[in-house]
Every structure is written in C-alpha cells, then in structure tokens.
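# An overview of the molecular structure
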Amino acid sequence: MPTALITGITGQDGSYLAEFLLERGYTVHGLVRRTSTLERSRLRHLYANPEIYGKTLHLHYGDLEQPITFWRILQKVNPDELYHLAGQSHVGLSFDMAETTTDSVAMGTLRILEIIREHGAPIRMFHATSSEIFGRPSASPQDELTPVNPVNPYGAAKAFATQMVRIYREKFGLYLANGILYNHESPRRGENFVTRKICRTAAAIKLGKATELKLGDTSAQRDWGDARDYVRGMWMILQQPIAEDFVLATGVLHSVQDVLEVAFAEVGLDWRNHVRRDERLVRAPESATLVGNPAKANSIGWKPSTQFPELIRWMVASELDALSRGIRVDEPN
C-alpha cells in the first residue's frame, strides 16, 4: 500500500487529491495548519468517517514556516509520494500580502527541498506551480519551455519555487516534478475567486437569498478546467519513470462573461436583470492572456474530462443544493 503526504490537504486540490488517492488504496497523510477547523472544512466527510480517519487518512499539525515540524512529520511518515500544494494562492491578495506570499510559496518550497535532500530515503515529489509564472508570455499557448515572466508577487514566488525544483532535480538527482497548473475550479473553490462568486450568487438570487451580483471587468479570459481532472494529472505525473515538468491545461479560453451567462442560464434567469458593474472591482491588467498547451500531458494519457459549460453547471447545482439545505457547499457530505 503506497503512502502519500499532502501539504495543503484542506484546500480545494488537497481534498480532491486525498479522495483520489484513498480510492486507489493509498495511505494518505496531510499537513494541516493549527488554525484550520477540520469540522468545517473540505475534509469533513473524511475526518468524520471512523472507517477512514486514523486508518487510511492521518492528519498532522504543522507549518512550513517551522521546518523542524515538517522534518519530524516526514521522518515519521516516510512517504513514497509527496504532493506540495500548500501556499497563499490568490493573485490579487498577493499584492497586499507580498511578504507572506513569498514566504509561504517560495521559501516554503525551498525548505521542503532542503528537507527532502537531507532525508535520504527516495521520495517522489510533485510541486503545484501556476500559469502565473508566465505573466506576459513570449508565446501563446504556453508550454513547458515558455520562459517565465511573472507580473505579480504570487507569480514571482511560484517562478522561484519552480526554478528551485528544477535546480534540485538536476543537481541532486531527486525525483521532483513541476505541474504547471492553469485555472481549475469546482464547488470547493474559495469564495474569493470569481467563478465561485458568480455561481454562488446566481444560486442565491434564484432562491431569493440575494438580489444582485457586483462584478468588475467581465471580459477577462482564462483557461478554466475541472479541479478533479487536475489532481488526476498530479498523480499521473508522479507515475512517470523520469521526473519532468508538465503543463496541465484545457487549451481553451473562456471569459468571465461566459461564466456569468452559463451560470444564470442554469438557474433560468437573465443575468442582465441582476448583474451590476462595480468600478471598485475593476483591476488593472496584470497578465496577458494565459492559455496552456497540454500536448506533453496528453502524451502520458492525461486529458480533461469535463467541458467548461458542464463545469459551471455543476458548480451552480452544488450551490443550489447547499443553499437550500443551509450548509456550505465546500463541506461535502
């Protein structure tokens, strides 16, 4: 039975990855910050299950800002695979929290690399990096060879971490792989992300729990995929005989306006009657249009299984169900 350790296990990707690995017979260990409330988290359905928690799922309190704690956990767990997903991941917030973002994303990854180097036992590590490392790219679509050119603190921190993973892989011969992830969504997405905000508010308006949705620029475009597909890609990357970097993306662009129209159509409402433009929410352009080329990932058998409209409809349906029952949608039963 293989053993995996996940940093950021309480996040969107971490919770789906834990489910994915458990279904495949893994023993899963997760690093949890002491400020996390497990009873009201994306892991609640696993944490509350006595057939899973303490048997095939184990959670450990720790913080990457305190490397000795992570060292002890790594020594105790001795995992076959390490999935490093933790870190402040909101681009907008990274301008207000530049130092915190840099410490958690850049230095947190470097601390893990140093610990793995000293650990001795072989570990396969997946590092979740971001399309934001490309910033204003020199080519479109972007692939694994596109030069990094970040334009925000989050992208800069991820670029540092990505390059350090490559350096440690080449210098020390460690199995370290970067997954360059484009935007991926689900009902468990944080509420401060625009896709979740739109889907949740559309459902709330339908149920009479809200009256309007305020948005900034709806023309912005992203390469949006399904988070469940992306965690499957993480696992597939670590099953390759040689550690390499892979872009995980759909290769298709959609705008915020597209999200808006699909979401409101799903609840049978005309978005024009409920959406208001709020100039305070309009952000200055930061990145160029980021769209990934997943050809290399396709070559190892990975392809997205969910189309964009299906993804948004799933998110809206989940919000409708949760709001109707008075629960949080990111607390799966």
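For the structure, see preceding data.
Residues numbered from 1 in each chain as written. Predicted model: local features only at pLDDT ≥ 70, side-chain atom pairs only at ≥ 80, totals over all residues. Heavy atoms only, no water.

### Let's talk about the packing of helix 5 (residues 98-119) against helix 6 (residues 153-172)
- It is the contact of helix 5 with helix 6, at a shortest axis distance of 8 Å, that shows an interaxial angle of 10 degrees. Considered as vectors, helix 5 and helix 6 are oriented roughly parallel to each other. Contacts between helix 5 and helix 6 involve Ala98, Thr101, Thr102, Val105, Ala106, Thr109, Leu110, Leu113, Glu114 and Arg117 from the first element and Pro153, Tyr154, Ala157, Lys158, Phe160, Ala161, Met164, Val165, Tyr168 and Phe172 from the second. (Axes fitted to C-alpha atoms, helices over the stretch in contact; angles between N-to-C directions. Helix = DSSP H or I, 4+ residues; strand = E, 2+ residues; numbered from the N terminus. Parallel < 35°, antiparallel > 145°, perpendicular 65-115°, else oblique. Contact = heavy atoms within 4.5 Å.)

### Some points on the packing of aromatic side chains
- Applying the stated rule across the entire model yields six aromatic pairs.
- The ring of Phe20 has Arg24 lying over it, and the distance from NZ or CZ to the ring centre is 3.5 Å.
- One residue, Arg124, lies across the ring of Tyr175, its end atom 4.2 Å from the ring centre. (Phe/Tyr/Trp six-rings, centres within 6.5 Å; stacked < 30°, edge-to-face > 60°. Lys NZ or Arg CZ within 6 Å of the ring centre and 35° of its normal.)

### Quick notes on the environment of Glu132
- Mapped onto the fold, Glu132 is located in the loop between strand 5 (124-130) and helix 6.
- Since its relative accessible area comes to 6%, Glu132 is described here as buried.
- For the pair formed by Glu132 and Thr289, sequence separation is 157 residues and the distance between their alpha carbons is 10 Å.
- Within the local environment of Glu132, its side chain forms a polar contact with the side chain of Asn152, the two groups lying 2.9 Å apart. (Buried < 20%, exposed > 50% of the residue type's maximum accessible area, 1.4 Å probe, protein only. Polar contact = N/O pair within 3.5 Å; in protein donor to acceptor, adjacent residues only side chain to side chain.)

### Regarding the environment of Ile123
- Note that Ile123 resides in the loop between helix 5 and strand 5.
- Of the residues examined, Ile123 reaches a relative accessible area of 7% and is grouped as buried.
- Separated by 75 residues in sequence, Ile123 and Ile198 place their C-alpha atoms 40 Å apart.
- Aside from chain neighbours lying at most four places away, what touches Ile123 is Leu74, Pro79, Asp80, Glu81, Leu82 and Tyr175.

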